[in-house]
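Topology and contacts: notes
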Amino acid sequence: MRSCLCAILLLLTTLPAVADTLAIKLFASEFPPLQYPGPDGDAQGYVHQLLQEALQRTQQQLGTDVTFKADPLSFLPLKRALLNVQTTPNSLLLSVARTPDREQDMLWVAVVSPYDIWLYRKRSTLPKPTDILALRGRGYRIGVQDGSNVQEWLLKQGIGQPPDNTLLDPVPQNALNLGKAVMGRIDFFAHPDISLGLRAREQRVDPRQLEPVFRLDALSTPLWLAANKQTDPRLISALRQQLQLMAQQGRLDALQKAWHDAQP
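In every chain, residue numbers begin from 1 and rise along the written sequence. In view of the model being predicted, local features appear only for residues whose pLDDT reaches at least 70, and side-chain atom pairs are presented and counted only at 80 or more, with totals across whole chains, interfaces and linings using the full set of residues. Excluded from the side-chain calculation are hydrogens and water; included are all heavy atoms of the structure.

**Remarks on the pattern of salt bridges**
Any two side chains of opposite charge can pair if their charged atoms end up close together. Put simply, a salt bridge is a Lys or Arg side-chain nitrogen that is within 4 Å of an Asp or Glu carboxyl oxygen. A complete count under the given rule lists 15 salt bridges for this structure. As a salt-bridge pair, aspartate 116 and arginine 215 come within 2.8 Å of each other at their nearest N and O atoms. Highlighted residues: aspartate 116 in the loop between strand E7 (107-113) and strand E8 (117-122) and arginine 215 in strand E12 (residues 210-215), separated in sequence by 99 residues. Note on exposure labels: buried denotes an accessible area under 20% of the residue type's maximum, exposed denotes more than 50%, and partly exposed covers the range between, all computed with a 1.4 Å probe on protein chains only. Relative accessible area serves as the criterion here: at 30%, aspartate 116 is assigned to the partly exposed category. Take arginine 215: its relative accessible area is 32%, and that puts it in the partly exposed class. Measuring nitrogen to oxygen at the nearest pair gives 3.7 Å for the salt bridge that ties aspartate 169 to arginine 141. Of the two residues, aspartate 169 is situated in strand E10 (residues 167-171) and arginine 141 in strand E9 (residues 141-145); the sequence distance between them amounts to 28 residues. By relative accessible area, which is 15% here, aspartate 169 ends up buried. Here the salt bridges do not stand alone but share partners, grouping Asp116, Arg215 and Asp217 into one network. Only DSSP runs of H or I reaching four residues or more are called helices, and only runs of E reaching two or more are called strands; each is numbered from the N terminus.

Set out below in structure tokens:
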């Protein structure tokens, strides 16, 4: 009997270990050309493609020790996307600004895109404000995306809250601000320069009706891939290594250039 038990224990210790399997959730706010739903509903965009390639390389690096399956990218309003990644273990959030207010809420994996954001307005012959402080106390209405880092930053500058009489006008999707500006319902809005023309076409707005006012230097920082703090550390470590290696190899630049070259 004892020899039989020993034989069973020996067999169990020599069996190959069963690999962990992770279900990875992917969240993002629509942000063409970085990530956006295509005509068939499938996710497109150069950051989405970068992540898919990085996940493939990550799986090869991890081998059979850790296997994972990434769900299709879920597009949500930014506020919900942030909440989902903070409350869903083993989840990733694409293309999000790394701000002091968010620093402790998520893990920051790697930079996935450059990001320049400008203040825009309907084209006008009136003098342009030269900095953000020139908007304070003037009774302007500024369109912002609800829950965005632009909204957070403006409030910290004392804009859009008492005693300032300039108002912040939040919308669920920043693209809605283009039409509101053209119709005169808001005076200014912030928008990434890389996607203004594309968003204008989507909203049936002539981009020549809009003009840049000044660059928001404090907010023009790279966008990151973020993760839930309870995401498997083996996945985070390997994914970070692969994204950093791909950046060194110029893969992000190549994907971004390919998108620019394909534009009409």
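The rest of the description comes next.
**Details of the nonpolar core**
Nine residue types can take part in a nonpolar core, namely buried Ala, Val, Leu, Ile, Met, Phe, Trp, Tyr and Cys, and a core is a set of them joined through side-chain atoms within 4.5 Å. Judged by nonpolar contacts, the single largest core of 55 residues is most densely connected at Leu92, Leu154, Leu216, Leu225 and Leu239. The biggest single contributor to this core is helix H2 (residues 46-62), with seven residues. Counting residues in hydrophobic clusters, the runner-up holds twelve residues, among them Leu78, Val85, Val96 and Trp108.

**A few points about empty space enclosed by the protein**
A probe as big as a water molecule, rolled over the atoms, marks out the empty space that is left. Detection works on a 1 Å grid of protein atoms alone, calling trapped sets that fit a 1.4 Å probe cavities and calling open sets with protein on both sides within 12 Å along at least five of seven lines pockets, with lining residues defined by an atom within 4 Å of a point. Grid points are joined across faces, edges and corners, and a volume is the space filled by probe spheres set on the points. Tallying each qualifying case throughout the model produces one cavity of 30 Å³ or more. Phe31, Leu78, Tyr115, Gln145 and Pro192 are the residues nearest the centre of the largest cavity, which is lined by 28 residues in total. Of all the elements in the fold, those that place two or more residues in the lining of the largest cavity are strand E6 (91-97), E9, helix H4 (149-156) and strand E11 (188-192). In terms of residue count, the dominant contributor to the lining of the largest cavity is E6 (five residues). Looking at side-chain class alone, the lining of the largest cavity contains 14 nonpolar, eleven polar and three charged residues. Residues were grouped as follows: Ala, Val, Leu, Ile, Met, Phe, Trp, Tyr, Cys and Pro as nonpolar; Asp, Glu, Lys and Arg as charged; and all remaining residues, including Gly, as polar.

**Section: helix H3 (residues 78-87)**
Taken together, the buried positions of H3 are occupied by Leu78, Ala81, Leu82 and Val85. For H3, the buried positions fall inside an angular range of 100° around the axis, keeping them on one side. What the arc measures is the spread of directions leading from the helix axis to the C-beta atoms.

**A closer look at the packing of aromatic side chains**
Two rings from Phe, Tyr or Trp (for Trp, the six-membered ring) form a pair when their centres sit within 6.5 Å of each other. Planes less than 30 degrees apart are called stacked, planes more than 60 degrees apart edge-to-face, and all others tilted. Here the structure, examined in full by the defined rule, presents four aromatic pairs. With centroids separated by 6.1 Å and ring planes inclined at 85°, the aromatic side chains of phenylalanine 31 and tyrosine 115 adopt a geometry described as edge-to-face. With phenylalanine 31 in the loop between strand E1 (20-28) and strand E2 (36-37) and tyrosine 115 in the loop between E7 and E8, this pair connects stretches of sequence that are 84 residues apart. Overall, phenylalanine 31 belongs to the buried group, its relative accessible area being 12%. Given a relative accessible area of 12%, tyrosine 115 falls into the buried group. Ring centres of tyrosine 140 and phenylalanine 188 lie 5.0 Å apart, and the angle between their planes is 85°; on these two criteria the pair is classed as edge-to-face.

**Some words on H4**
Since the α-helix advances by 3.6 residues per turn, residues separated by three or four positions end up pointing in the same direction. By the burial criterion, the buried members of H4 are Asn149, Val150, Gln151, Trp153 and Leu154. Just beyond H4, the residue with positive phi is glycine 158, at close to 80°.

**Thoughts on the pairing of E7**
Buried residues dominate E7, accounting for five of its seven residues. When DSSP finds two or more bridges between a pair of strands, those strands are recorded as paired. The pairing of E7 with strand E13 (residues 223-227) spans five bridges and is antiparallel. The residue of E13 that forms the bridge with leucine 107 is alanine 227.

**Considerations on the sheet that holds E10**
In any sheet, the strands associate via hydrogen bonds between backbone groups, in a parallel or an antiparallel arrangement. Spatially, five strands are ordered E10-E9-E11-E8-E12 in an open sheet, and the strand pairing comes out mixed. For this open sheet the edge positions go to E10 and E12, each flanked by a neighbour on one side alone. Pairs of neighbouring strands in the sheet enclose a mean axial angle of 35°, with direction left out of account. Relative to E11, E8 is paired through four bridges, and the arrangement is antiparallel. Every angle, taken between N-to-C directions, lies between 0 and 180 degrees, and every axis is a line fitted to C-alpha atoms, over only the stretch in contact when it is a helix.

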